[in-house]
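The lines below spell out each chain.
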Amino acid sequence: MYYKFSRFTQRLTGAASSTAHSPQGLRSNIPSESPTIVFATPTKVVSQSSHAVEYMGVNKVPDLQRIFQASDEIPVHLKRVVPDRLLYRTTMALTVGGALYCLVALYIAAQPKNK
Amino acid sequence: MAHQAHAYHMVDPSPWPLTGAVGALLMTSGLAIWFHFHSTTLLTLGLILLLLTMYQWWRDIIREGTFQGHHTPPVQKGLRYGMILFITSEVFFFLGFFWAFYHSSLAPTPELGGCWPPTGITPLDPFEVPLLNTAVLLASGVTVTWAHHSIMEGERKQAIQSLALTIILGLYFTALQAMEYYEAPFTIADGVYGSTFFVATGFHGLHVIIGSSFLAVCLLRQIQYHFTSEHHFGFEAAAWYWHFVDVVWLFLYVSIYWWGS
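Residues numbered from 1 in each chain as written. Chains lettered and ligands numbered in written order. Predicted model: local features only at pLDDT ≥ 70, side-chain atom pairs only at ≥ 80, totals over all residues. Heavy atoms only, no water.

Taking an unreviewed UniProt entry as the reference, chain B is identified by name as Cytochrome c oxidase subunit 3 belonging to Paramisgurnus dabryanus. Recorded in UniProt under Sequence similarities (unreviewed entry), the annotation for chain B is "Belongs to the cytochrome c oxidase subunit 3 family." Reading the Subcellular location (unreviewed entry) entry of the UniProt record for chain B gives the comment "Mitochondrion inner membrane". (UniProt positions renumbered as here; feature names shortened; annotations may be inferred.)

Shown next, in the form of structure tokens:
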């Protein structure tokens, strides 16, 4: 029997091993506790089954953690080189171009209106 | 992280503060150019730059926290202080508009007919759509709390469903309010009643949209396994913001819709 602390009730409550200890990235394909819940039509109890049954997509966080923690001195905003660089260059181009355009527009706007 | 002897986050050099500042410059100057020369180019450029900055800056924060592990407990504490202070500043922002409303409505001038609502204004019935809006936002406060507990309990499916429901309720509120705006028998130009009504509720609606967007980002992150049962500050920040939006609405409803009708 495993226990977990329920923040909601502020008490220890019984739990299966999967809920008592399930850190990010841990894949336990063998459930150590499978309660025998019998229904009229047998259903798969997702919370007790293997983590291979994922709801809405697989967990890619461990892979991303590996990519972003690579010690290659690249700053975080360019870590995924190709898409990051494209977006960065577009943004900087708009920044510099926009700033210049702004100064020109304000210069023109500041000219006295000759009637 | 391996080479520092402290738990704080020394961020990588980033271009986003600069691009954000230039975006703000372009938006403000663009507004002036639009008013005087009828051209929206500069304003649009500024808006695009602002959106690009927000996307990349917050993307980088997610990378630093979720993927690089920089958000240690002291760092998270700082982020909590930051969000609290930001929400506090927003409270003061709305306080100004409530001050304006009460200034005009507690002592209505002779020009208004010496009464509130002013002569000629037919206010909205507070027990029709505005009451529904109140129920919608209160329900969304319940669903966002449900989502939080689901995340803390490690209930992935429930967290996704309750968070999605919260966003749907937020969008429902926005749709209802938009319809009310369209159908209202008075406009922003209808004296101080119109001004206080539409500016206060309008800024509130904008904050509902911002809050819904924040929650939507949290939903995407929850689906992508970013949140753990112990560490999910992005979601908590969104939930705080959402409760703030809810409370502002309650004040708006009681003051402007109910007492002011």
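And the narrative resumes.
Comments concerning the domain arrangement of chain B
Residue and element names in this part refer to chain B. On domain assignment, one finds that chain B holds domain 1 (1-69) and domain 2 (71-256). Listed as interface residues are 11 residues of domain 1 and, on the opposing side, 6 residues of domain 2. In this assembly, domain 1 packs against domain 2 so that about 740 Å² is buried in total across both faces, 68% of it on carbon and sulfur atoms. If you sort the residues of domain 1 by the area they bury against domain 2, Ala7, Ile62 and Thr66 come out on top, with a joint share of 46%. Here domain 1 and domain 2 share 0 salt bridges between them. Our count for the contact surface shared by domain 1 and domain 2 stands at 3 residue pairs in polar contact (both at pLDDT 80 or more). Along the lines of polarity and charge, the residues of the side of domain 1 that touches domain 2 split into 6 nonpolar, 4 polar and 1 charged. (Domains from an automatic or database assignment. Contact = heavy atoms within 4.5 Å. Buried area = accessible area lost by both parts, 1.4 Å probe. Salt bridge = Lys/Arg side-chain N within 4 Å of Asp/Glu carboxyl O. Polar contact = N/O pair within 3.5 Å; in protein donor to acceptor, adjacent residues only side chain to side chain. Nonpolar A, V, L, I, M, F, W, Y, C, P; charged D, E, K, R; others polar.)

Things to note about the packing of helix α2 (residues 61-68) of chain A against helix α2 (residues 41-67) of chain B
Running from amino to carboxyl end, α2 of chain A crosses α2 of chain B at an angle of 105 degrees, the nearest separation of the two axes being 9 Å. Our classification of the angle between α2 of chain A and α2 of chain B gives roughly perpendicular. Side by side, α2 of chain A and α2 of chain B meet where Val61, Leu64, Gln65 and Phe68 of chain A of the first sit next to Arg63, Thr66 and Phe67 of chain B of the second. Considered class by class, the residues forming the contact of α2 of chain A with α2 of chain B number 4 nonpolar, 2 polar and 1 charged. (Axes fitted to C-alpha atoms, helices over the stretch in contact; angles between N-to-C directions. Helix = DSSP H or I, 4+ residues; strand = E, 2+ residues; numbered from the N terminus. Parallel < 35°, antiparallel > 145°, perpendicular 65-115°, else oblique.)

Comments concerning unusual backbone geometry
The amide bond that connects tryptophan 116 of chain B to the next residue, proline 117 of chain B, takes the cis arrangement and shows omega of 0 degrees. Along the chain, proline 117 of chain B turns up in the loop between α3 (73-106) and α4 (129-153). Backbone geometry places glutamate 73 of chain A, a non-glycine residue, at a positive phi of 60 degrees. Note on placement: glutamate 73 of chain A falls in the loop between α2 and α3 (81-109). We classify glutamate 73 of chain A as exposed; its relative accessible area is 78%. Even without glycine at this site, tyrosine 225 of chain B takes up a positive phi of about 65 degrees. The topology assignment puts tyrosine 225 of chain B in the loop between α6 (191-223) and α7 (233-259). (Buried < 20%, exposed > 50% of the residue type's maximum accessible area, 1.4 Å probe, protein only.)

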